[in-house]
Amino acid sequence: MILEKYVIRGGNRLNGDVTISGAKNAAVAIIPATVLVSGPCRIENVPKISDVTLLLEIMRTMGASIKVINDTTLEIDCTFIRSSKAPYDLVRKIRASYYLIGALLGRCHSAEVGMPGGCYFGIRPIDQHIKGFEALGANVEVKNGFVHANAPDGLHGANMYLDVVSVGATINIMLASVLADGTTVIENCAKEPHIVDVANFLNSLGADIKGAGTDVIKIRGVDKLHGGTYAIIPDQIEAGTFLAAVTATGGDVRIHNIIPKHLDCITAKLEEMGAEIEEDDDTIHIRRTGPLMRTNIKTLPYPGFPTDMQPQLTTALCLAQGTSVITESVWDNRYRYVNELKRMGAQIQVDGKIAIVEGVDRLTAAPIKACDLRAGAAMIIAGLVAQGETEIEDIEYIERGYEDIVGKFSALGADIRRVHFPDAEPLAEAR
Ligand code: EPU
């Protein structure tokens, strides 16, 4: 049972400095990718989030040796992995556990992994992953909640075309084909920064992957990957969340440890909304002193506007002057959080994939809940701009993907606490 919630007293502008952690969606792919490696992998800039903790627990049960070197560095050695079976009770809690299918198939030619869980925003099929594994020569069966994949004759390079642009399928097929015999070509790939990061990680250990970050990825199979050291890229969506928060509250913040190019798709929209943005090598400076203005947003695969920033921007737009139109074109059902915002006075009409937001003068505090990870981040933004004291429940969703979000917002001047529920006493130590 979850015994904590966030309590936010709204109205403070955000000011100061914040440092972004390693990218969740890169970390949750790179950690399972170590299954392919013979030798220790030292991974730096690992975010301290519960999805990573869970994934490490799954890997340990399979025989991985994991050492914590320091706060953000791990050493993972899968040389003596014992099992190609991932336990269902843990796997079902995390979407990215599907990467174990590709990695185990590549390494052991066999994988038995529970069907992945994760945030719910519509049906989340893995048919494109399966199509890719089958093209490489595996037999794949989904039975009793498990994916069973076997390639008794090994995996062989193949050409394939993805029917939908999928981050998970692109990475998973890349993982399965790195040690396959021959060359694999994946067309209509996703191009997100974390796809490039996983390819760079594997290449640094001896893989031969070309074209990551474009529509076509070519993987020449190699015999073996060796150990090495790699630093995960900064989290584009965590940075985007702080940018959205400052745009909503107003203020002046420098965001450190970012790759500005990865944020272009987000900063372009925030400038339309009235934010002033200056970029440096690995820092971005955001200010909003003037009015908050309306805009339209359509989510698309990278380099389009990311679906994982849609709830945060929609929330900021609740207080903008005029009417904004949001089109969610990646997920079928990513507006469940809108009901929470309406309870705070937001004027939003949802019709299928479209949300129409009429800007209002104020939001007022209400007890609300995090419906999923990014919706949870959006609820924090709502709390920061609302009048009164907002309480957010189901915060475990938020902590799956944001490192020390309470500490980071507090350091920027937000009045946010993580408290015991229902006693409302501050916890001795925020995560
Ligand atoms: N799809 C299929 N078949 C497949 C795979 C995907 O039809 O086999 C569809 C999905 O239903 C969806 C679209 O393709 O409509 C895109 O899905 P994708 O596979 O790209 O999503 P994912 O890999 O499951 C990752 C992120 C999500 C992020 C999406 C889109 C991870 C662990 N998760 O999910 O991140 O929303 O890409 O960018 O990388 C988050 O971080 O909060 C999060 C949900």
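Residues numbered from 1 in each chain as written. Predicted model: local features only at pLDDT ≥ 70, side-chain atom pairs only at ≥ 80, totals over all residues. Heavy atoms only, no water.

J.: Before we go on, may I ask you to explain the overall build of the protein in this structure?
T.: When helices and strands are tallied, the protein shows 14 helices and 24 strands. By the compact-globule yardstick of 22 Å for 431 residues, the protein fits well, its C-alpha radius of gyration being 22 Å. Principal-axis analysis of the C-alpha atoms places the extent of the protein at approximately 65 × 45 × 45 Å. Counting the 431 residues in the protein, one finds 57% classified as buried. Across the protein, the fraction of contacts at a sequence separation of at least 24, relative to all contacts at a separation of at least 6, is 72%. (Helix = DSSP H or I, 4+ residues; strand = E, 2+ residues; numbered from the N terminus. Rg over C-alpha atoms; globule rule 2.2 N^0.38 Å. Buried < 20%, exposed > 50% of the residue type's maximum accessible area, 1.4 Å probe, protein only. Contact = heavy atoms within 4.5 Å.)

J.: Would you explain the site of the ligand in this entry?
T.: Taken together, the neighbourhood of the ligand is formed by 24 residues, with Tyr-98, Ser-166, Val-167, Asp-308 and Val-330 sitting nearest. Separating an oxygen atom of the ligand from a backbone N or O atom of Pro-125 is a distance of 3.4 Å. Val-330 is positioned such that a nitrogen or oxygen atom in its backbone is 2.6 Å from an oxygen atom of the ligand. If the ligand stood free it would expose 820 Å²; the protein chains cover 89% of that surface. (Near = heavy atom within 4 Å. Polar contact = N/O pair within 3.5 Å; in protein donor to acceptor, adjacent residues only side chain to side chain. Areas by Shrake-Rupley, 256 points an atom, 1.4 Å probe, with all protein chains shown as cover.)

J.: Would you mind going over the packing of aromatic side chains with me for this structure?
T.: To describe a pair of aromatic rings, one takes the distance between the centres and the angle between the planes. Applying the stated criterion across every chain, the model contains 4 aromatic pairs. Consider the rings of Tyr-88 and Phe-146, whose centres lie 5.8 Å apart with planes at 45°: the pair is tilted. Here Phe-146 lies in strand β9 (residues 146–150) and Tyr-88 lies in helix α3 (residues 88–91), a separation of 58 residues in the sequence. Overall, the relative accessible area of 15% leaves Phe-146 in the buried class. Aromatic side chains Phe-201 and Tyr-230 sit 5.6 Å apart centroid to centroid with 70° between the ring planes, which places their arrangement in the edge-to-face category. Placement of the pair is Phe-201 in helix α7 (residues 193–204) and Tyr-230 in strand β14 (residues 226–231), with a sequence separation of 29 residues. Exposure class is identical for Phe-201 and Tyr-230. Each is buried. (Phe/Tyr/Trp six-rings, centres within 6.5 Å; stacked < 30°, edge-to-face > 60°.)

J.: Can you help me understand the side chain of Lys-408 in this one?
T.: Residue placement: Lys-408 occurs in helix α14 (residues 405–411). The buried category is assigned to Lys-408, whose relative accessible area is 11%. There is a polar contact of 2.7 Å between the side chain of Lys-408 and the side chain of Glu-238. Residues in contact with Lys-408, not counting those within four places in the same chain, are Val-18, Thr-19, Ile-20, Ser-21, Glu-238, Phe-242 and Glu-403.

J.: Could you clarify how one ought to interpret the sheet that holds strand β18 (residues 297–298) in this entry?
T.: Paired through backbone hydrogen bonds, the strands of a sheet run either parallel or antiparallel to each other. Spatial strand order, β18-β19-β21-β20: 4 strands in an open sheet with mixed pairing. This sheet does not close on itself; its edge strands, each paired only once, are β18 and β20 (347–351). Inspection of the sheet shows β18 paired to strand β19 (residues 323–327) by 2 bridges, in the parallel sense. Across the sheet, Ile-297 pairs through a bridge with Ile-326, a residue of β19. Against the sheet, helix α10 (residues 310–317) makes contact with β18, β19, β20 and β21 (354–358), and its axis sits at roughly 170° relative to β19, the strand it touches most. (Pairing = 2+ DSSP bridges. Axes fitted to C-alpha atoms, helices over the stretch in contact; angles between N-to-C directions.)

J.: Even after reading the chapter, I still don't get the sheet that holds strand β11 (residues 183–187), so can you show me in this structure?
T.: Taken together, the 4 strands give an open sheet; going across it, the order is β10-β11-β13-β12, and neighbouring strands pair in mixed fashion. Each edge of the open sheet carries a strand with a single partner, namely β10 (159–161) and β12 (208–210). Neighbour to neighbour, the strand axes of the sheet diverge by 15° on average, direction disregarded. Pairing between β12 and strand β13 (residues 216–220): 3 bridges, direction antiparallel. Counterpart to Ile-209 in the pairing with β13 is Ile-219.

J.: Would you mind going over the layout of surface pockets with me for this structure?
T.: Over the atoms rolls a probe the size of a water molecule, and in doing so it shows where empty space is left. Reported here for the largest pocket is a volume of approximately 1100 Å³. Of all elements in the fold, only α1 (24–33), α5 (127–135), α6 (167–177), α7, α8 (236–249) and α12 (373–385) reach the threshold of two or more residues within the lining of the largest pocket. Sorting elements by how many residues they give to the lining of the largest pocket places α1 first, with 4 residues. Looking at the lining of the largest pocket residue by residue, the classes come out as 26 nonpolar, 9 polar and 13 charged. Size it by volume and the second largest pocket reaches roughly 300 Å³. What lines the second largest pocket is a set of 17 residues, and nearest its centre among them are Val-46, Pro-47, Lys-48, Ile-49 and Asp-71. Breaking the lining of the second largest pocket down by element, the ones donating at least two residues are α2 (50–61), β4 (65–70) and β5 (73–77). For the lining of the second largest pocket, the leading source of residues is α2, giving 3 residues. Here the residues of the lining of the second largest pocket are counted per class, giving 7 nonpolar, 4 polar and 6 charged. (1 Å grid on protein atoms, 1.4 Å probe; cavity = no way out; pocket = protein on both sides within 12 Å on 5 of 7 lines; lining within 4 Å. Points joined across faces, edges and corners; volume = space filled by probe spheres on them. Nonpolar A, V, L, I, M, F, W, Y, C, P; charged D, E, K, R; others polar.)

J.: Just to check I follow, could you spell out the pairing of strand β16 (residues 276–279) for this structure?
T.: A regular strand carries its side chains on alternate faces of the sheet. As paired strands, β16 and strand β17 (residues 283–288) are joined by 4 bridges and run antiparallel to one another. Within β17, the position partnered with Glu-276 by the bridge is Arg-287. Between β16 and the antiparallel strand that follows it, β17, lie 3 residues.

J.: So what exactly am I meant to see when it comes to the packing of α5 against α6 here?
T.: Describing two packed helices takes the angle between their axes plus the distance from one axis to the other. The interhelical angle for the contact between α5 and α6, taken along N-to-C directions, is 25°, at an axis separation of 8 Å. Taken as axis vectors, α5 and α6 run roughly parallel relative to one another. In the crossing of α5 with α6, the sense of the turn from one axis to the other is right-handed. Packed against α5, whose contacting residues are Gln-128, His-129, Gly-132 and Phe-133, the element α6 presents Gly-168, Ala-169, Asn-172, Ile-173 and Ala-176 at the interface. Taken together, the residues of the contact of α5 with α6 sort by class into 4 nonpolar, 5 polar and no charged. (Parallel < 35°, antiparallel > 145°, perpendicular 65-115°, else oblique. Left-handed = near helix turned anticlockwise from the far one by under 90°.)

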